[in-house]
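The lines below spell out each chain.
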Amino acid sequence: MSGLLGVRLLLLWGSACLWLPGPAQGALVISRAHQALQETRGAARPLQKRSTNEAMVEVYSVTVDCTVTSRFAHTVMTSKALNKANSSQEIFFEVDLPKTAFISNFSMEIEGELYVGEVKEKEKAKKQYEKAVSSGQTAGLVKASGRKMEKFSVSVNVAANSNVTFILTYEELLQRNLGHYEILTRVKPKQPVQEFKIVTNIFEPQGLSYVDAHATFLSNDLLPLVEKTVTDKKAHISFSPTLEQQRKCPSCDGTIIDGDFVIKYDVNREKSFGDIQIVNGYFVHFFAPSDLPRVPKNVVFVIDRSGSMAGTKMEQTRESLKLILDDLHEEDHFALIQFDSEIDFMEETLVKATKENVAKARVYADSILDRGATDINDAVLRGVKMLANDRQQQRLPERSIDMVILLTDGNPNSGESNIPRIQENVRSAIGGNMSLFCLGFGNDVDYSFLDVMSKQNKGVARRIYEGSDVTLQLQGFFEEVSSTLLLEVDMRYPDNAVDFLTTNHFNQLFNGSEIVVAGRLTDNDMDNFMVEVFGQGFEDDFKVQGLASATDWAVMYPEEEYIFGDFTERLWAYLTIQQLLENGKSADTDKKANLTAKALDMSLQYSFVTPLTSMVVTKPETEDGTNSPLIADKLTEEQRQQAERTSRLFSHFGTPMRTSAYNQLNTYSPRPAPTYFVDGDPHFMIELPDRDDALCFNINDKPGTIFNLVRDPQSGILVNGEIIGDKKIAPDGKISTYFWRFGIIHQTLGVRLEVSTKDISVFQDGKWVKLLWSDAASLKGENVDLLLNKGRSLTVTLRDSVKFVILLHKVWEKHPYHRNYLGFYTLDSHLLSPSVHGLLGQFYHGIQYEVTDLRPGEVLEKPDATMFVKGQELNVTRGWQRDFRKDVKNGENVPCWFVHSNGTGLIDGDATDYIVSGLFKTV
């Protein structure tokens with residue numbers, strides 16, 4: 001569409017939450033505020049392609065205003081622009097929002113006219129919808145955007161010297177995951193903006209236990225601009241850089257504001273029965289008890305080894321399985337089943353997760369090889385039968401949870417292949433006695449089949465996206481569901497006091513998560529509102545109760561003129577709609593129709609654009625008299641899969657083929673600065689955002705070797721690192737080496753710093769200061785600033801010179817093989833002299849190379865290519881390495897061209913040329 005040629009005003013906001021997809025049942029129609037919706041006559045015309053002069057469009061205001069009240073987030077995103085040209089131009093508004101968010105308002109103000117969104121039943125917008133589709137227009141206002149987000153975009157024709165204001169409002173319930181709530185704001189304004197502001201206010205009557213705010217694009221200069229004020233029950237976070245502070249450099253047009261602004265927080269949990277908020281006749285109950293012992297689990301892993309799992313999928317599955325096995329507790333029991341058209345077991349029964357059994361299972365996991373067809377029915381039934389038999393024979397702890405985890409990438413094509421029959425077979429065999437979790441691998445799996453089958457059996461399904469981070473996805477999922485605190489949780493309230501209750505029975509409560517129940521009150525007498533919670537714990541039955549009371553917000557926040565006071569009612573409506581849609585997936589035809597009708601009624605009543613709805617936006621008329629309606633759907637998971645399959649037709653080995661319009665768009669889109677780091681085994685990485693590419697290589701040598709990473713003789717900067725090996729050789733015979741100690745010197749400033757996995761020592765002004773990783777500290781000196789993030793990272797900023805971040809990777813202290821290790825990241829190196837060198841330093845001023853002759857490699861998903869660099873011709877392989885800056889535990893996979901043989905040909909000389917005799921030595 002013409003949007004690729006237009007000026008995009010990008011405000012990207014997102015949060016990690018689960019999406020509940022479904023068929024379309026409603027519509028949001030944008031119309032003039034003072035006129036009724038007029039049905040369009042004749043076929044809707046596609047957008048005219050317009051050539052836009054980007055320099056003549058000024059974006060002068062970009063604001064994100066988020067208010068969170070008892071986990072319910074209300075976000076308003078506003079962007080204002082001026083067309084400075086002497087002719088009309090097409091201007092775009094584009095934003096990423098969470099899949100779980102419900103848009104509740106969208107409006108545009110253009111030349112004094114206000115166009116306001118209105119939620120309507122789909123039938124009432126059907127004519128517009130059909131006309132747009134018949135004209136060949138794409139349903140493009142809301143699209144899938146990555147795994148967690150949806151992209152909302154709209155364009156309007158703005159007259160010469162006129163303003164346009166876009167306002168998007170959406171709401172969502174923040175989900176507690178792994179012990180915290182997260183608000184992730186993705187900002188890409190593309191140019192410095194006169195007014196740029198992110199403001200978040202958090203109101204939590206339970207009290208805030210901690211609030212953390214950071215951003216991927218924060219430089220040392222921008223860090224003080226993140227203002228955070230936290231009191232007992234309220235937090236205010238703001239970020240508002242000036243126009244000059246946004247610039248990459250004083251004379252640059254580009255902005256450094258490009259990335260994620262992340263707020264994480266959690267609340268205090270003093271009451272055993274949880275916290276209840278009662279406002280304006282509605283209540284919400286949050287339950288997440290602390291200090292409960294985890295319930296031992298008995299898990300059968302059912303692993304697809306069919307032919308379609310060949311290559312990277314199988315390799316990643318094996319590696320994931322071994323890491324998951326390492327995370328089992330010794331009181332857990334487990335079994336491994338691999339299947340294609342045949343089924344094989346590690347053992348005929350579940351075994352206890354002792355070190356010996358886990359080691360045996362790791363070897364067994366390495367033996368899983370892809371081969372035949374896909375018999376899901378028999379494989380799952382075998383796993384269920386194994387669990388049932390062991391339970392009957394009393395080989396499992398009485399107080400423990402039984403679960404089957406199925407990982408498959410395909411459709412059943414061997415044995416029983418009728419999907420409804422498989423679902424019924426599994427439901428009958430399980431009989432409500434265990435949970436089934438289904439992981440659907442890739443784009444070709446029948447996700448709907450797995451989703452329904454999981455929901456029928458006290459579990460959930462999850463899509464595992466093909467890519468370099470499959471291991472992290474599988475590990476992350478297992479971490480979510482592996483620590484059960486309570487089983488069969490019942491939340492009970494006085495029968496005569498509430499109605500329209502959301503789900504109040506939960507099969508299990510996982511550690512780090514939270515149960516949320518909401519309802520409407522029928523009795524205003526709150527003197528006897530007794531709340532009871534029942535569940536099955538590890539040792540005994542769990543039972544707590546307490547009296548709830550209404551919250552007086554005026555007393556709690558006396559100086560706040562709170563504009564979102566009906567949040568309990570809207571939270572209740574949000575949660576009810578989501579549960580209606582979710583329950584409809586596994587219901588029979590009649591019940592599904594009833595659930596869908598209720599969800600639609602509530603969507604209309606509360607003006608929510610839900611995952612069921614379509615959106616029709618009727619824009620202002622253009623010069624030719626057309627109003628160009630655009631259509632958008634919130635995609636179902638099946639539609640998302642289809643979109644991904646289609647996108648693969650336009651990609652080659654994971655690299656998008658960009659159109660000329662796309663390239664034109666990106667010619668004025670600034671990119672982040674390059675990043676140079678070493679982390680892992682040790683893996684060296686040179687990220688080059690200006691080329692949308694990265695180079696990587698490994699260095700292998702014996703433990704105890706010290707390498708020079710950075711050396712700048714002109715400024716006197718030196719960075720060396722010492723590697724350490726695993727505790728012992730693993731069963732596969734591989735021994736890994738990691739950096740465990742770094743020495744940093746700035747001779748001119750008189751600074752010396754030693755950082756190890758144990759502690760941090762800094763020498764300045766003639767004295768040593770020692771810090772422990774268990775500290776949280778900020779040291780500001782005349783020549784060096786240190787920011788220590790407890791147990792996680794150390795940021796080192798040398799005055800007028802360079803900025804480093806050192807990450808601490810913690811490994812289970814009783815791990816049989818691995819040790820703690822460090823990662824080293826250079827964030828700002830532009831002030832170093834042209835003479836800087838070292839394994840990393842030599843790349844600080846750029847690297848010129850070309851890659852050609854892409855061809856199949858040893859692994860299908862890892863093609864080989866020829867690289868011309870430094871007058872040499874190298875064979876390189878497309879692979880990936882992990883960048884741990886955003887997530888120190890799991891990392892983010894970054895695709896790169898891997899240079900073999902210790903970087904030979906890419907680095908100057910040989911790797912041994914960089915070995916030095918001491919941590920602070922140059923030779």
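Look up a bit, the structure's there.
Residues numbered from 1 in each chain as written. Predicted model: local features only at pLDDT ≥ 70, side-chain atom pairs only at ≥ 80, totals over all residues. Heavy atoms only, no water.

## Regarding the sheet that holds strand β45 (residues 777-780)
Move 1: In spatial order, the strands read β45-β46-β47-β48-β49-β36-β37-β38-β53-β52-β51-β50; together these 12 strands make up an open sheet with mixed pairing. The open sheet terminates on both sides in strands that have one partner only, identified here as β45 and β50 (849-859). When strand polarity is set aside, the average angle formed by the axes of neighbouring strands in this sheet is 25°.
Move 2: Bridging between strand β52 (residues 872-883) and strand β53 (residues 892-899) involves eight bridges; their strand directions are antiparallel. Counterpart to R878 in the pairing with β53 is W897. (Pairing = 2+ DSSP bridges. Helix = DSSP H or I, 4+ residues; strand = E, 2+ residues; numbered from the N terminus. Axes fitted to C-alpha atoms, helices over the stretch in contact; angles between N-to-C directions.)

## A look at the environment of A85
Move 1: Its location among the elements puts A85 in the loop between β4 (72-83) and β5 (89-98).
Move 2: Separated by 75 residues in the primary sequence, A85 and A160 place their C-alpha atoms 5.5 Å from one another.
Move 3: Beyond its immediate sequence surroundings of up to four residues, A85 is in contact with M56, A160 and N161. (Contact = heavy atoms within 4.5 Å.)

## What to know about the layout of surface pockets
Move 1: Taken as a whole, the second largest pocket encloses approximately 390 Å³ of empty space.
Move 2: S400, I401, D402, N433 and L487 are, among the 20 residues lining the second largest pocket, the residues nearest its centre.
Move 3: Mapped by element, the contributors of at least two residues to the lining of the second largest pocket are α5 (376-392), β23 (401-408), β26 (484-492) and β28 (505-510).
Move 4: Element by element, the count of residues in the lining of the second largest pocket is highest for α5, at three residues.
Move 5: Grouping the constituent residues of the lining of the second largest pocket by class yields six nonpolar, eight polar and six charged. (1 Å grid on protein atoms, 1.4 Å probe; cavity = no way out; pocket = protein on both sides within 12 Å on 5 of 7 lines; lining within 4 Å. Points joined across faces, edges and corners; volume = space filled by probe spheres on them. Nonpolar A, V, L, I, M, F, W, Y, C, P; charged D, E, K, R; others polar.)

## Observations regarding the pattern of salt bridges
Move 1: Summed over all chains, the structure comprises 46 salt bridges.
Move 2: Here R294 and E331 are joined by a salt bridge, their closest N and O atoms 2.8 Å apart. In this pair, R294 is assigned in the loop between β18 (282-287) and β19 (297-304) and E331 in the loop between α3 (312-326) and β20 (333-339), connecting sequence segments 37 residues apart.
Move 3: For E687, the salt bridge identified is with R885, shortest N-O distance 3.4 Å. Taken as a pair, E687 in strand β37 (residues 683-688) and R885 in the loop between β52 and β53 lie far apart in primary sequence, 198 residues in all.
Move 4: The network of salt bridges with shared partners includes R71, R176, E204, D266, R269 and E514. (Salt bridge = Lys/Arg side-chain N within 4 Å of Asp/Glu carboxyl O.)

## Comments concerning the packing of helix α10 (residues 567-585) against helix α11 (residues 589-605)
Move 1: The interhelical angle for the contact between α10 and α11, taken along N-to-C directions, is 155°, at an axis separation of 9 Å. Considered as vectors, α10 and α11 are oriented roughly antiparallel to each other. In this structure, α10 crosses over α11, and the sense of that crossing is left-handed. Only K592, L595, K598, A599, M602 and S603 of α11 make contact with α10, whose side of the interface consists of W572, A573, T576, I577, L580, L581, N583 and G584.
Move 2: When the residues that make up the contact of α10 with α11 are grouped by side-chain class, the tally is eight nonpolar, four polar and two charged. (Parallel < 35°, antiparallel > 145°, perpendicular 65-115°, else oblique. Left-handed = near helix turned anticlockwise from the far one by under 90°.)

## Things to note about the sheet that holds strand β43 (residues 759-764)
Move 1: The antiparallel open sheet is built from seven strands, whose spatial order is β44-β43-β42-β41-β40-β39-β54. Of all the strands in the sheet, just β44 (767-772) and β54 (915-916) have a single pairing partner and so form its edges.

## Considering α5
Move 1: The first and last C-alpha atoms of α5 sit 24 Å apart over 17 residues, in line with the 24 Å expected at 1.5 Å per residue.
Move 2: Three or more residues of α5 are buried, namely I376, N377, A379, V380, G383, V384, M386, L387 and D390.
Move 3: The backbone nitrogen of D378 has a side-chain oxygen 3.2 Å away, supplied by the residue at the start of α5, namely D375.
Move 4: Residue Q394 follows α5 closely and has a positive phi angle near 60°. (Expected span 1.5 Å × (residues − 1). Buried < 20%, exposed > 50% of the residue type's maximum accessible area, 1.4 Å probe, protein only. Polar contact = N/O pair within 3.5 Å; in protein donor to acceptor, adjacent residues only side chain to side chain.)

## Some words on the packing of aromatic side chains
Move 1: All chains considered together, the criterion is met by 29 aromatic pairs.
Move 2: Through pairs of rings, three or more aromatic residues link up here, namely F72, F102, Y282, F500, W572, Y574, Y606 and F608.
Move 3: If you follow R492 out to its NZ or CZ, it ends over the ring of F534, 4.1 Å from the centre. (Phe/Tyr/Trp six-rings, centres within 6.5 Å; stacked < 30°, edge-to-face > 60°. Lys NZ or Arg CZ within 6 Å of the ring centre and 35° of its normal.)

## Details of the state of the cysteines
What we call a disulfide is simply a covalent bond connecting the sulfur atoms of a pair of cysteines.
Move 1: The full count for this structure, using the stated rule, is one disulfide.
Move 2: A disulfide bridge connects C696 with C896, and the sulfur atoms are separated by 2.1 Å. One disulfide, between C696 and C896, carries an S-S torsion of 65° and so falls in the right-handed class. With C696 in strand β38 (residues 693-698) and C896 in strand β53, this residue pair connects regions lying 200 residues apart in the sequence. Comparing C696 with C896, the two get one shared label, buried. (Disulfide = S-S within 2.5 Å.)

## Focus: the pairing of β23
It is a general feature of regular strands that their side chains alternate between the two faces of the sheet.
Move 1: With respect to burial, β23 is a largely interior element, eight of its eight residues being buried.
Move 2: In β23, alternate side chains face the same way, and those of I401, M403, I405 and L407 on one face and D402, V404, L406 and T408 on the other are all buried.
Move 3: As paired strands, β19 and β23 are joined by seven bridges and run parallel to one another. Among the inter-strand pairings, V302 is bridged to a residue of β23, identified as L406.
Move 4: With six bridges connecting them, β23 and strand β24 (residues 435-441) associate as parallel partners. When the sheet's bridge partners are listed, V404 is paired in β24 with L436.
Move 5: Between the parallel elements β23 and β24, the chain passes through helix α6 (residues 419-430) in a crossover that is right-handed. (Right-handed = clockwise from strand over helix to strand, strands pointing away.)

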